[in-house]
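Letter by letter, the chains look like this.
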Amino acid sequence: MLVRLIYVSKLAPDLDYRAIKDILAASQRNNKPRGVSGLLMFNSGFFLQWLEGERLAVKERFARISQDPRHTAPVLLDYREIIKRQFADWNMGYLGEGSINKATFYEYSGAEAFDPYTLSGESAAALMLAFSSNIPLLKSNNG
Ligand SMILES: Cc1cc2nc3c(=O)[nH]c(=O)nc-3n(C[C@H](O)[C@H](O)[C@H](O)COP(=O)(O)O)c2cc1C
């Protein structure tokens, strides 16, 4: 049974983007053996993450991630059963600062400033799909 979970959170105040390197390394190390794939976006101090995989594996990873002091205020935006993965090649794909432009964000949100807390679950999913397919340089990290 495959599920997808999307949540939003904020980078902890005393950290900067360098913490993200460690987060990605841990994600790739831990997600692969558990069959978890997905996409992490970071912009303007906000994280938006899509996790997909077996229901139990996703639940367990999200429980772990929620406790991580490197971010605050995680809010679940979307959780559903899915028939296939969207990001099978990425144990955790990454789109960083600068990969989101305001005009595109505005298409999915009521506000121009990037604040993913304002998104519905469906808009968050559509936004992530739109950005992921727009970035040809984003490489598979499955290897
Ligand atoms: C925004 C954010 C996203 C994260 N995403 C993942 C993830 O997809 N998979 C994962 O295993 N850990 C993720 N982590 C890290 C976990 O919270 C945890 O620190 C890590 O899995 C522990 O790894 P270790 O036991 O190998 O040290 C994330 C942390 C943050 C702050």
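Described below are features of the structure shown in this document. Worth saying up front: this structure is predicted, and the values here are computed from it rather than measured. (Residues numbered from 1 in each chain as written. Predicted model: local features only at pLDDT ≥ 70, side-chain atom pairs only at ≥ 80, totals over all residues. Heavy atoms only, no water.)

Another aspect to go through is the site of the ligand. Taken together, 17 residues lie around the ligand, and Arg-29, Asn-30, Asn-31, Arg-61 and Asp-68 are the ones closest in. Contact between the ligand and Ser-27: a nitrogen atom at 3.3 Å from a side-chain N or O atom of the residue. Asn-30 places a side-chain nitrogen or oxygen 2.9 Å from an oxygen atom of the ligand. Alone, the ligand offers 620 Å² of accessible surface; in the complex the protein occludes 85% of this. For the shell around the ligand, the secondary structure elements donating two or more residues are helix H1 (18-34), strand E3 (46-54) and helix H2 (55-66). The greatest single-element share of the shell around the ligand, amounting to six residues, is contributed by H1. Residue composition of the shell around the ligand, grouped by class: seven nonpolar, five polar and five charged. (Near = heavy atom within 4 Å. Polar contact = N/O pair within 3.5 Å; in protein donor to acceptor, adjacent residues only side chain to side chain. Areas by Shrake-Rupley, 256 points an atom, 1.4 Å probe, with all protein chains shown as cover. Helix = DSSP H or I, 4+ residues; strand = E, 2+ residues; numbered from the N terminus. Nonpolar A, V, L, I, M, F, W, Y, C, P; charged D, E, K, R; others polar.)

The next subject is the pairing of E3. For E3, the tally of buried residues reaches eight of nine residues, placing the bulk of the element in the interior. The sheet contact formed by strand E1 (residues 2-11) and E3 spans nine bridges and is antiparallel. Of the residues in E3, the one forming a bridge with Leu-5 is Leu-51. Pairing of strand E2 (residues 37-43) with E3, which is carried by seven bridges, proceeds in the antiparallel orientation. Within E3, the position partnered with Leu-39 by the bridge is Trp-50. The turn joining E2 and E3, which pair antiparallel and follow one another in sequence, is formed by two residues; a positive phi near 50 degrees is taken by Ser-44. (Buried < 20%, exposed > 50% of the residue type's maximum accessible area, 1.4 Å probe, protein only. Pairing = 2+ DSSP bridges.)

It is worth stressing that arrangement in space is one thing and function is another; only the former is reported here.
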